Amino acid sequence: METSMGKPSFLRNIMVRVLLFGVLIIVVRFAYVVTITGESCNRGDFCFFSLPENLNFVISGAGSGASAIDAIRSTSVGSPGDDLYTSRDWIKGVQFYSSIFQDLIADGYLSPESKTLCVETAIGQEVFSLREIGVKDSVGISKKALRPLVVRGEGHAIPFEKNTFDFVFSGGGRLGKSLKQLEFADEISRTLKPEGYAVVHVGATDTYSFNSFLDLFNSCKLVKMRDIDGFDSSMPHIREFVIQKYSEIEGHHRKNSGGDSGGKCWIPGYKRDLIRDAEPVIEEEPLKPWITLKRNIKNIKYLPSMVDIRFKSRYVYVDVGARSYGSSIGSWFRKEYPKQNKTFDVFAIEADKAFHEEYKIKKKVQLLPYAAWVRNETLSFEINHDPGKGKEVEAKAKGRGMGRIQPVTKSSSDDLAGEVNLIQGFDFADWLKKSVRERDFVVMKMDVEGTEFDLIPRLIKTGAICLIDELFLECHYNRWQRCCPGQRSQKYNKTYKQCLELFTSLRQSGVLVHQWW
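All values reported here derive from a predicted model rather than from experimental measurement.

Enquirer: Any chance you could explain the sheet that holds strand S8 (residues 314-320) here in plain terms?
Expert: Sheet strands pair via backbone hydrogen bonds, and the direction of the pair is either parallel or antiparallel. Reading across the sheet, the six strands line up as S10-S9-S8-S15-S16-S17 and stay open at both edges, with parallel pairing between neighbours. Lying at the two open borders of the sheet, with one neighbouring strand each, are strand S10 (365-368) and strand S17 (512-515). Averaged over all neighbouring strand pairs, the angle between strand axes comes to 15 degrees, with direction disregarded. As judged from the four bridges shared by strand S15 (residues 440-446) and strand S16 (residues 470-473), these two strands associate in the parallel manner. If you follow Lys445 over to S16, its bridge partner there is Phe472. Helix-sheet contacts for helix H17 (residues 496-508) involve S16 and S17, and the interaxial angle to S17 is about 155 degrees.

Enquirer: Where do I start with the pairing of strand S2 (residues 138-142) in this structure?
Expert: The side chains of a regular strand alternate between the sheet's two faces. Of all five residues in S2, five are buried; the element is thus mostly enclosed. In S2, alternate side chains face the same way, and those of Ser138, Gly140 and Ser142 on one face and Val139 and Ile141 on the other are all buried. The pairing of strand S1 (residues 116-119) with S2 spans four bridges and is classified as parallel. Residue pairing for S2: Thr116 is matched across the bridge by Ser138. Note on the crossover from S1 through helix H4 (residues 125-132) to S2: the handedness is right-handed. Pairing of S2 with strand S3 (residues 150-152), which is carried by three bridges, proceeds in the parallel orientation.

Here is what the cut-offs are and how they apply
- Residues numbered from 1 in each chain as written.
- Predicted model: local features only at pLDDT ≥ 70, side-chain atom pairs only at ≥ 80, totals over all residues.
- Heavy atoms only, no water.
- Pairing = 2+ DSSP bridges.
- Helix = DSSP H or I, 4+ residues; strand = E, 2+ residues; numbered from the N terminus.
- Axes fitted to C-alpha atoms, helices over the stretch in contact; angles between N-to-C directions.
- Contact = heavy atoms within 4.5 Å.
- Buried < 20%, exposed > 50% of the residue type's maximum accessible area, 1.4 Å probe, protein only.
- Right-handed = clockwise from strand over helix to strand, strands pointing away.

See below:
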């Protein structure tokens, strides 16, 4: 009896083990696909949810959209994820993008044969719309994949080779929301074939942001732009850009034709309009400059308060003659300058060693412990008090006088009456050209005790001035002294008229410059 009972028990144990092994394989496969790769999948991947197979409908209008919703709701899929594809918002989005892509086909920018990429489409509405209107070779990327429409990838790191796609689409204002806009734009250009088209939807509304957007795509040209209504409240108004990547011949020609502009800045009309709309320069010399110029700061029209700066690739603030951190970086730029929620790289240029120690604990500020100058050389650095500025300014700097530089010569030591040190000067224009690009948003404050009459002409001559979007300049001249009525400061030999000429030359160079105190 024991022998006859053993065989069925043995076979049953084997079957149970085989069944458990099969279940284990399914569980491991499911855990790998969903948990490790972070992707949804199709039924061939042993998943329990997927895009409904009967969701193949073309949405062309409100009526068909309503019937499509009813058709989907009548289908029993048995998966919580399927609610997404039957929601009114998803159907409305598919209707919207279907209309957009049909217009692009009609205009010749897209065709059924186009190999197409949709960038950062989290739920695949754009890809589904493309496939439904006949553009079958379409795929989307997003941080989390959603098979079969979307694979894993991000706008700043597209997982495809260069020159792969005939058509690239970025909707939902996603480029403007990206923290890596330059990389986002570069990746679109890289994966787009020469002469291929890219369509980008943004929320830009002004000419400044329009031009900033185009600067991001320096390997493409603008073909068409139009304003359209969005399909939801998150983006009610859309500006659609159609851009085309240059052919290989055009791209090669553009690289070879680029070069030094010879110090001349090309000033587009929109920049001239901004300068025209800025607060006027004070034409008449103020009798009490410590009052008039200080009050004028309240009249300043900051550039970010007039335009949208979202499409700049980088944001930079350069404080030339920074002195202490609280002198202007902490007290003014950090607190008062409108940054539109952008993070700025901050550079403090200060030659006075008395202020260097403080910057060691300011991790978000990069100190350049030298003097901004027209060339690399050793300079004489004089610390002296200016009675024209009074006690208020001195108190802010803890009694430290203002620094003034000049080249080291035998006669220079006789002209300097205060505390004198030897410091290193550097070619500021050259540094600026190496540190920032035209696609960056550069704000500068300059308070260099008369050296502006050397630095500004050098910036203009080299073309480095073209890199500055907004400048706050304190011009030093033989102003009336606060301490001594009827007497002018002997520290500076320039006149107020020469200061006006300096401001005029800057605005004519396309720089939005403000009078600073």
